[in-house]
Each structure stands twice: as C-alpha cells, then as structure tokens.
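The chain contents come next:
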Amino acid sequence: MTESYRRSGDEMPQDGPYAYGAQHGPQHGAPYGDHAGAAVPPPPPYAPGPEGAPEARRRARRPVALLAAVAVASGLIGGGSAALIAGATHQDTRNAASTPLVNAGKNSGSGVAGVARAVSPAIVEIKARTAGGESTGSGVVLTSGGEIITNNHVVAGADTVTVAFSDGSRKTARVTGTDPDKDLALIKVGGAKGLTAASLGDSDKVAVGDGVVAIGSPEGLTGSVTSGIVSALNRDVTVPKEQGRGQGQGQGQQGGGDDGGWPFEFGGNQYNGDTGSSKTSYKAIQTDASLNPGNSGGALINMQGQIIGINSAMYSPTSASSSTAGSVGLGFAIPINTVKADLDSLRDGGSGGSNSGV
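Residues numbered from 1 in each chain as written. Predicted model: local features only at pLDDT ≥ 70, side-chain atom pairs only at ≥ 80, totals over all residues. Heavy atoms only, no water.

A. Summary view of the confidence of the model for the protein. Counting all residues, the mean pLDDT for the protein is 73, and 57% of those residues have values of 70 or more. Here residues 1-38 is a poorly scored stretch, pLDDT under 50, and it has 25 contacts once near neighbours within four places are set aside; other chains count. This stretch, residues 70-100, has a pLDDT under 50; its non-local contacts, to residues over four places away or in other chains, come to 3 contacts. (pLDDT = per-residue confidence, 0-100. Contact = heavy atoms within 4.5 Å.)

See the structure below:
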C-alpha cells in the first residue's frame, strides 16, 4: 500500500485514462499541506506508466479487492445472523405468547381483570329456599338456554330456586337433576334464551402452580373475584350429602344451626364441623384463591378464561361458625371433567332424582 493511499481512503489510484484531472482534486502523489497547490503535470494520455507500474496498480487494487471480499463475507454473515435472530425471535414469540383469552362476554383482555370481564356474565348467584331457611350459593351458566351447574348441597331439598345474573336481573329456576355422590346439581331457568355461557376447559391439563381465578357470591356478595394458583391436585375431600348439614352459604343459610361453616373431611380428620353420616368423597383441585361460604357452585377458572372446576369446599379455623368462617388459602373444587362426564345423567334427573322447584 502506498503512503498516499494510507493518508486518504478517498483517493483513487491513477491509471492512465481513469485518473482524475487537476480540476477534480490533487493528483496521485500530490503533496498535502502547504504545498497542496503545487502544480503537478499530468501524465500524457495513454502513456505507459513508469517501470513497475503494473505491480503498483496490483498493490493499489489489492486493498480494494480485500475490502470488497470482506464486504461480501460480512453481508453473508450478516444475513445469516439476521436469519438466526429472526428465527430466534419467532421462536421466542411463539413460546411466550399466551393463549388467547376465551371471550365469554363482550369484553376481552388479559390477566385476572380480563378473565373476570370475560367470564363474570356466565356466573350467577343462587338462592335456594327450604323449610329451614335460605341458602346462598353460586352457579355457572352452561348453555344459552338456561342450564346452570352448581353444587348439590346448594339446592338440595329446595322449595324455590332464584337465580340472579350479573346484570342484576333475577329469574326462577327448577332443579333438573342432582348427583349427591358428586355434589353436583343441574338447574334450568325457565324461558331463558341468549344467556352468556361459560367455556369449559380440561381439568386433566391443570398443573400445580397454574394461575386461577374464582368467581362467586361469598356471603351474598355477588360477582366477587379472587385469584391464586392451583396448590395441589387429586385431594380426597369428603363432604356431607344431606341438606341441613351442608356448607353454610351466607345469610340465613341452612337454618343457621350449629353445624359449623362448610364442613368437610380430609385425611381422616373432620374440619369446620361434623360432616354427618351421609357423606361423599371426590378428588378435588386444591387452590389458594380465596373461597368463602357462598362460593359453592361457582367457577374456578384458568387464565385462558375456561372453567376448570366448580368450587365446593374450603378450610377455615376449627369450630368456626358460618358467620365467622373465612378463607385461609385452602379451597377445593370439583374438576370440570367430572362435571362434563355427569351432565347427561343430570339432564335425565341424576342419581338423586329431580326436584321440581318453581
């Protein structure tokens, strides 16, 4: 490489007819600084260069060729890197993208607020009046025609059943079928149409640590939303079957007696009161989402807005009455796949037969 080339990368080698004239700048080899204006006669047109000029031209062209090769290689490497980055970005985006929220209502969104907006229209409050008083629970709308799933202990023995929807409207319902062994009941609102139905998920795909949302009417507070995670699976929970010894559900529940708040058994021990002699067991989803009396029959929902369980029992401090029982982060829900497997039977009256209601 010549000295003049090292000083200015903008200069071009002078090769006969391709050399710039004086009007375009200093000639090859022209000095810089104070002598930059010194006239240097141009070589004659097409005159052969001095001895050794071909070698000088080769030396002058070699850096240009080298730079071109580096540029091509850089382009290839850069293109490859861009392809790799694009592929990695595509892969990460695909893996990181959350499953679209099931839009049970007219709103959409993400997170707990999005789930609540989407699913709340499909969750109802249920008041069942019996000879001994009135119980309050929750339910999940299964069909636009008015089918609603809830717990058996919410409506067992009811003379009248009233359903309150998220928009504030109220309708009467009748009990279509009950299954005390699974603590499930199906009720239907008369003359209903166009109701917002919930989307049912797959409880077999639920994993410990999954985020969940619970919606129900604890202590009669309609549409209450809590959140947490799935803290355990396949818990053998035992609950009472008969009306009057079920889990207390809000004001005036089950005659208000001294049965305790939401009794159940686990691991051979009884909690929150005596479950009585007539009881049933099922494998439950355990959650730390806050559940309280009145959440029974409500929804346990995954973060895609799908119902994965029907809330049915909770643990609270021993000897707590229905008026003082509160969540300590141990709630239980019937897996939704158990519900789906029982629906046809419930529509036919269920194992416990059908009750008329009003």
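B. Region of interest: the sheet that holds strand β6 (residues 184-189). Taken in spatial order, the 6 strands close into a barrel running β1-β2-β3-β6-β5-β4, and their pairing is antiparallel. Each strand of the sheet is rotated relative to its neighbour by a mean of 40 degrees, with strand direction disregarded. As defined by bridge partners, strand β2 (residues 133-141) adjoins strand β3 (residues 147-150) across 2 bridges and the pair is classed as antiparallel. When the sheet's bridge partners are listed, Val140 is paired in β3 with Ile149. In this fold helix α5 (residues 336-347) packs onto β3, β5 (170-179) and β6, with an angle of close to 60 degrees to the strand it touches most, β6. (Pairing = 2+ DSSP bridges. Helix = DSSP H or I, 4+ residues; strand = E, 2+ residues; numbered from the N terminus. Axes fitted to C-alpha atoms, helices over the stretch in contact; angles between N-to-C directions.)

C. Just helix α3 (residues 111-119), in detail. Residues of α3 that are buried: Gly114, Val115, Ala116, Ala118 and Val119. Next to the buried residues of α3 lie β1 (123-130), β8 (211-216), β9 (224-240), β13 (299-302) and β14 (306-314). (Buried < 20%, exposed > 50% of the residue type's maximum accessible area, 1.4 Å probe, protein only.)

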